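Structural features, examined
Here is what each chain is made of, one letter per residue.
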Amino acid sequence: MTLYAFYFLSFLAVMGALMVVFSRNPVTSVIFLVMTFFTIACHYMLLNAQFLAAVHVIVYAGAIMVLFLYVIMLLNLNEAVEKQKTLLLKVAAIVTGGLFMIVLSAALRTAETSYIDTSVVGSARNLGKVLLNEYLLPFEAVSLLLLAAMTGAIMLARSRKRIKPAPNVVGMTHEREQTKTVVHEQ
Amino acid sequence: MSRADIIFLLPHLMLTLGAVLVMMAIAVRRNHFAVYVLTCLTLIVALYFLPKTASLPHNVGVLFVVDGLGVFNTMIIMLAALAVALMSYAYFDTREERTGEYYMLFILATFGACIMVISGHFVSFFLGLEILSVSLYGMIAYLRKRERSDEAGIKYLILAAFSSAFLLFGMALIYAATGDMTFEGLSGYFSAFDELPILVMTGVGLVVVGAGFKLSVVPFHMWTPDVYEGAPAPVAAFISTISKGATMVLLVRFFLAIDGFRFPVVLTIFTVISIASMVVGNILALRQQNVKRILAYSSIAHFGYLLVAFIAADELGVEAVNFYLVAYFATMLGAFGVVTVLSHPERDAELLDDYRGLLWSRPALATVFVVTLLSLAGIPLTAGFVAKFYLLASGISTNQWLLVILLVVNSIVGLFYYIRIVAVMFDSAEEREARPAGYVGNFATLLILVVLLVWFGVSPQGLIDVIRNLVGVG
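Read on for a plain summary of the structure. (Residues numbered from 1 in each chain as written. Chains lettered and ligands numbered in written order. Predicted model: local features only at pLDDT ≥ 70, side-chain atom pairs only at ≥ 80, totals over all residues. Heavy atoms only, no water.)

As for the overall build of chain A
- Each helix and strand in chain A was counted, giving 8 helices and 0 strands.
- Overall, chain A shows an N-to-C arrangement of helices and strands of α-α-α-α-α-α-α-α.
- With an accessible surface of roughly 14000 Å², chain A has 72% of that area assigned to carbon and sulfur atoms. (Helix = DSSP H or I, 4+ residues; strand = E, 2+ residues; numbered from the N terminus. Areas by Shrake-Rupley, 256 points an atom, 1.4 Å probe, with all protein chains shown as cover.)

Printed below as a string of C-alpha cells:
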C-alpha cells in the first residue's frame, strides 16, 4: 500500500516538475510548482515526518509561492522578453544536465543506503527533542542566519533616494538653499 | 552543553553578542563612529577569549572541533576582520550611506567564517557557510547608489544559492550512503574502502562544487571579477580573504578526516582544478585594465597555487596551507587597503590610470602597494615568497612534479601583470586633484601589514613554529 502511494506521489512530483519547466505561462509554472511541493510534502508524510510535511507546506507552498506569484505578476513577463537563450547555451545546458542525470542515476541504482527506523525519527516530538538537545547550538545559529537575512533584506529594500547623514547639518542647510534657489528660478 | 563547552566557544558567543549590541546601538542612535568602535571592541574581546593552546583539542558535542587548526584560523580570521573593519570606517565615512547595518552584517559574516573553521559536522559546516554568504549578499550590494553594486549583489546571491544547493545535495548523498554526518564518523566509513562507491563519489563531487564556488577556483570562478568590481573595496577584501580562507580550512579538515587523497579520482579532480585555476587566473589577469579585476583574477590563481599544498595533505602540506593563508591574507588586505584609501566617494580607485604617478604624489602609499604586489608575485624578502616556497616544498615532497612546474611557470606569468601596475605607479606624475585626508586607522593597518609582510619574508621561522605547534596533525 505504502509502496503504491510512493509510486503514485513520485509520478505526480516528477510530472509536476516537468510541467514547471515546460509550461509557457509563468503563472501555470508556479501552480505546477505548488503541486510538486505538495507531493513532496506527502512523501515526508510517508516517511513518518509529519512536522516536516506541515512546515514544508506552510513555508514553500504558502509563503514562498505567494512571493513567486507576486513577483511574476509584478514583472509582467511575456514571451517577447524571454527569448535570450542561444542555441549553444541550450545544447550546453542539455549536455550538462544529461550528464548529471546519468551520474546520479548510476549512483542511485546500485546504491546501498543505510536504513533508519522511521518510528523513532520524524515526529514533532522526536524532532523537538533532537533539535533542542543535541542540535541546540546550530538551532541558535539559525536565528543568526535569519537575523543576517533580515538585516540584508531591509537594507537592500530601502529606497535609493539620497539619504542625508544625520550629523552633517552644514551639508543639509547647503542643500536646502540649493533647492530654494531652484524654486526661485522657476 | 557543559561549562567547558561554553568557555571554548566564548569567541563565537562574543561575536554574537557584538552583533546584537550593534543592532541595539543602531536602534538607539545612528552614529558611525560609535558602531565602528563597538565592532572593533567586539573583535578584540573575541580575540582575548580565544582558548588557551594547552587545553586543546576539545570537542563541543559532535558539531565543533576546537583544535589547533581551528583556533589558529579563528585568530587569523578575527585579525583580518579587524583590519577590514579599520579600513571600512574610513571608506564608509566619506560616503553618504547609512552605515550601521554594514557593521552588523560584517560581524555576522565573521561569525559564520569562525563557525566554519571549527566545524566537524555537515550541519555546522553548512550553517557557517550560509551565515557567511547571506551576510555577504547585503554587504556586496551595500552602496545602493552605485551602478554595479546591484549587479554584483544579485550575481553573488544567485550563484551562492545555486552552489549551496549543490553542496546540500552532495551532503545528502553522502548521508544517504553512510548514515553519518560527522567528519569523525565519515572518517571511519571512508577508511573501509579502497575505492569509493559511486554514490559517495557523486556526493563528494557535489560538495567540491559547492566549496569550489566559495573558493572561486576555475570552473566556478565566473562571478569573482564582477563581484569584486561591484562590491565596496573593503567588502572585496573580506571576500577574497576571510570567506575563501575559512572554506579552505574547512576543506582541509574534511579531506584530512576522510583521507580523501587516497582515492585517485579525488586527486585527479583537485589536480585539474588546481592547474585550471593557475593557468586561467593568470592568463585572464594579463589583459585587465581594472585593478580590482586584476586582484580578483590574481586571487583565483593564488587558490590554484594553494591547492598544490592541499593535495599534498600531509603534515607539511597542512602547514604550508596555513602559512600561505597568513601571507595571502596580509597581502590581499594590504592591496585592497591601498585601493580603499585611494577611492573617491563616487567610485573606487579601480582603473590603472588612478595609480599613474602614485609613487611621486603619495610615496608612502605607493611603497605599501609595491610591497604587497611583490608579495603577491612571490619576490624574495616578502611573505609571498616564503609562502610559495613552502608550497613548492610540500609539492616536491609528495612528487607532484606537474603541479610544481606549472606553479613556477605561472608565477613568472603572474609577475608580468603585477610589475605592470608597479610600472604605472612609476610614470611621471600629472596634475591630480587633492585627495581627501587619510584616516589614522587606515594608515596604521597598512603599516602593520607591510611590516608583517616583510617580517615574515625575512624571518619566517617564528610564524612557522607557531603553525607547527598549533596545527601539527598526527
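After presenting the structure, the write-up continues.
Digging into the overall build of chain B
- A count of helical and extended segments in chain B gives 20 helices and 2 strands.
- Relative to the compact-globule value of 23 Å for 474 residues, chain B shows a C-alpha radius of gyration of 21 Å, a close match.
- Principal axes of the C-alpha set define a box for chain B whose edges measure 70 × 55 × 40 Å.
- Across the 474 residues of chain B, 62% fall into the buried class.
- Contacts in chain B between residues at least 24 apart in sequence constitute 81% of all its contacts with a sequence separation of at least 6.
- Surface exposure of chain B reaches about 16400 Å², of which carbon and sulfur atoms provide 70%.
- Seen as two clouds, the 26 positive and the 30 negative side-chain charges of chain B have centres 5 Å apart. (Rg over C-alpha atoms; globule rule 2.2 N^0.38 Å. Buried < 20%, exposed > 50% of the residue type's maximum accessible area, 1.4 Å probe, protein only. Contact = heavy atoms within 4.5 Å. Lys, Arg positive; Asp, Glu negative; His and termini not counted. Charge placed at Lys NZ, Arg CZ, Asp CG, Glu CD.)

Focus: the packing of helix H7 (residues 136–157) of chain A against helix H5 (residues 100–118) of chain B
- H5 of chain B packs onto H7 of chain A with a crossing angle of 150° between their chain directions and a minimal axis gap of 10 Å. In terms of orientation, H7 of chain A and H5 of chain B fall into the roughly antiparallel class. Judged by the sense of rotation from one axis to the other, the crossing of H7 of chain A with H5 of chain B is left-handed. Counted together, Leu-144, Leu-147, Ala-148, Thr-151, Gly-152 and Met-155 of chain A of H7 of chain A and Glu-101, Met-104, Leu-105, Leu-108 and Phe-111 of chain B of H5 of chain B form the full contact between these two elements.
- Class assignment of the residues belonging to the contact of H7 of chain A with H5 of chain B gives a composition of 8 nonpolar, 2 polar and 1 charged. (Axes fitted to C-alpha atoms, helices over the stretch in contact; angles between N-to-C directions. Parallel < 35°, antiparallel > 145°, perpendicular 65-115°, else oblique. Left-handed = near helix turned anticlockwise from the far one by under 90°. Nonpolar A, V, L, I, M, F, W, Y, C, P; charged D, E, K, R; others polar.)

As for the layout of surface pockets
- Each pocket or cavity is described by its volume, and for the second largest pocket that value is around 1100 Å³.
- As for the second largest pocket, its lining consists of 31 residues, and the residues nearest its centre are Thr-96 of chain A together with Phe-166, Leu-206, Val-209 and Phe-220 of chain B.
- Elements with a minimum of two residues in the lining of the second largest pocket: helix H5 (87–109) of chain A together with helix H7 (147–178), helix H9 (198–215) and helix H12 (264–286) of chain B.
- With 9 residues, the top contributor of residues to the lining of the second largest pocket is H9 of chain B.
- Of the residues that constitute the lining of the second largest pocket, the class distribution is 25 nonpolar, 6 polar and no charged. (1 Å grid on protein atoms, 1.4 Å probe; cavity = no way out; pocket = protein on both sides within 12 Å on 5 of 7 lines; lining within 4 Å. Points joined across faces, edges and corners; volume = space filled by probe spheres on them.)

Notes on the packing of aromatic side chains
Residue and element names in this part refer to chain B.
- This model, assessed by the stated rule, comprises 43 aromatic pairs over all chains.
- Look at Tyr-48 and Phe-49: their rings are 5.3 Å apart centre to centre, the planes differ by 75°, and that puts the pair in the edge-to-face class.
- Ring pairs connect the aromatic residues Phe-33, Tyr-36, Tyr-89, Tyr-91, Phe-92, Tyr-102, Tyr-103, Phe-106, Tyr-142 and Phe-238, which therefore count as one cluster. (Phe/Tyr/Trp six-rings, centres within 6.5 Å; stacked < 30°, edge-to-face > 60°.)

Considerations on the interface of chain A and chain B
- In this complex, chain A contributes 32 residues to the contact, which on the side of chain B involves 41 residues.
- Of the roughly 3200 Å² buried at the junction of chain A and chain B (both faces included), carbon and sulfur atoms supply 75%.
- Counting the contacts that link chain A with chain B gives 0 salt bridges.
- The interface formed by chain A and chain B includes 2 residue pairs in polar contact (both at pLDDT 80 or more).
- When residues in the side of chain A that touches chain B are grouped by element, the largest group, 13 residues, is from H7 of chain A.
- For the side of chain A that touches chain B, the residue count by class is 22 nonpolar, 5 polar and 5 charged. (Buried area = accessible area lost by both parts, 1.4 Å probe. Salt bridge = Lys/Arg side-chain N within 4 Å of Asp/Glu carboxyl O. Polar contact = N/O pair within 3.5 Å; in protein donor to acceptor, adjacent residues only side chain to side chain.)

Some words on the side chain of Ser-243 of chain B
Residue and element names in this part refer to chain B.
- Residue position: Ser-243 is located in helix H11 (residues 233–257).
- Residue Ser-243 is classed as buried on the basis of its relative accessible area, which comes to 1%.
- Setting aside its immediate chain neighbours within four residues, Ser-243 contacts Leu-132, Leu-136, Tyr-156, Lys-214 and Phe-238.

Some words on the environment of Ser-149 of chain B
All names here are of chain B.
- Mapping Ser-149 onto the fold places it in helix H7.
- In this structure Ser-149 comes out as buried when scored by relative accessible area, which is 0%.
- Through-space distance from the C-alpha of Ser-149 to that of Tyr-228 is 9.7 Å; in sequence the pair is 79 residues apart.
- If we skip the residues at most four places from it in the chain, Ser-149 touches Ile-140, Ala-141, Leu-143, Arg-144 and Gly-230.
- A polar atom in the side chain of Ser-149 sits 3.3 Å from the backbone oxygen of Arg-146.

What about unusual backbone geometry?
Residue and element names in this part refer to chain B.
- Residues other than glycine seldom take positive phi values, yet Leu-381 does so here, at roughly 75°.
- Position of Leu-381 relative to the elements: it lies in the loop between helix H16 (363–377) and helix H17 (383–397).
- Even without being glycine, Asn-399 reaches a positive phi, approximately 60°.
- Residue placement: Asn-399 occurs in the loop between H17 and helix H18 (401–426).

Focus on the packing of H7 of chain A against helix H6 (residues 122–140) of chain B
- Contact geometry for H7 of chain A and H6 of chain B: axes closest at 8 Å, N-to-C directions at 15°. One way to sum up the angle between H7 of chain A and H6 of chain B is to call them roughly parallel. Both H7 of chain A and H6 of chain B take part in a crossing whose hand is left-handed. Contacts between H7 of chain A and H6 of chain B pair Pro-138, Ala-141, Val-142, Leu-144, Leu-145, Ala-148, Ala-149, Gly-152 and Met-155 of chain A from the former with Val-123, Leu-127, Glu-130, Ile-131, Val-134, Ser-135 and Gly-138 of chain B from the latter.
- Class assignment of the residues belonging to the contact of H7 of chain A with H6 of chain B gives a composition of 12 nonpolar, 3 polar and 1 charged.

Concerning helix H8 (residues 183–190) of chain B
Residues and elements named next belong to chain B.
- By the burial criterion, the buried members of H8 are Phe-183, Leu-186 and Phe-190. One side of H8 carries all its buried residues, which in axial view fall inside an arc of 60°.
- On its buried side, H8 packs onto H6, H7, H9 and H11. (Arc of directions from axis to C-beta.)

Details of a nonpolar patch on the surface
All names here are of chain A.
- A contiguous nonpolar surface patch, about 790 Å² in accessible area, is contributed by Phe-51, Val-55, Ile-58, Val-59, Tyr-60, Leu-127, Leu-131, Leu-132, Leu-136 and Phe-139.
- Contributions of two or more residues to the nonpolar patch are made by helix H3 (50–75), helix H6 (124–132) and H7.
- A total of 5 residues in the nonpolar patch trace back to one element, the largest contributor, which is H3.
- Its place among the elements puts Phe-51 in helix H3.
- Judged by its relative accessible area of 38%, Phe-51 is partly exposed. (Patch = residues over 30% accessible without salt bridge, like charges linked within 9 Å, V, L, I, M, F, W, Y side chains within 5 Å.)

Some words on the pattern of salt bridges
All names here are of chain B.
- Taken as a whole, this structure holds 16 salt bridges over all chains when the rule is applied.
- Note that Arg-253 and Asp-67 form a salt bridge whose closest N and O atoms lie 3.0 Å from each other. A residue pair is termed long-range when its members are at least 10 positions apart, and Arg-253 in helix H11 and Asp-67 in the loop between strand E2 (64–66) and helix H4 (68–93) qualify at 186 residues.
- Residues Glu-319 and Arg-468 are paired through a salt bridge, measuring 3.2 Å at the closest nitrogen-oxygen approach. In this pair, Glu-319 sits in helix H14 (residues 315–342) while Arg-468 sits in helix H20 (residues 461–471), placing the two residues 149 residues apart along the sequence.

Let's talk about the nonpolar core
All names here are of chain B.
- The biggest cluster of nonpolar side chains holds 195 residues, and the ones touching the most others in it are Phe-106, Phe-255, Phe-310 and Tyr-355.
- In terms of residues, this core owes the most to one element, H14, which gives 19 residues.
- Dropping the residues within four chain positions of it, Phe-255 is found in contact with Val-204, Val-208, Gly-260, Phe-261, Val-266, Phe-270 and Phe-310. (Core = buried A, V, L, I, M, F, W, Y, C linked by side-chain atoms within 4.5 Å.)

Keep in mind these numbers describe shape, not what the thing actually does.
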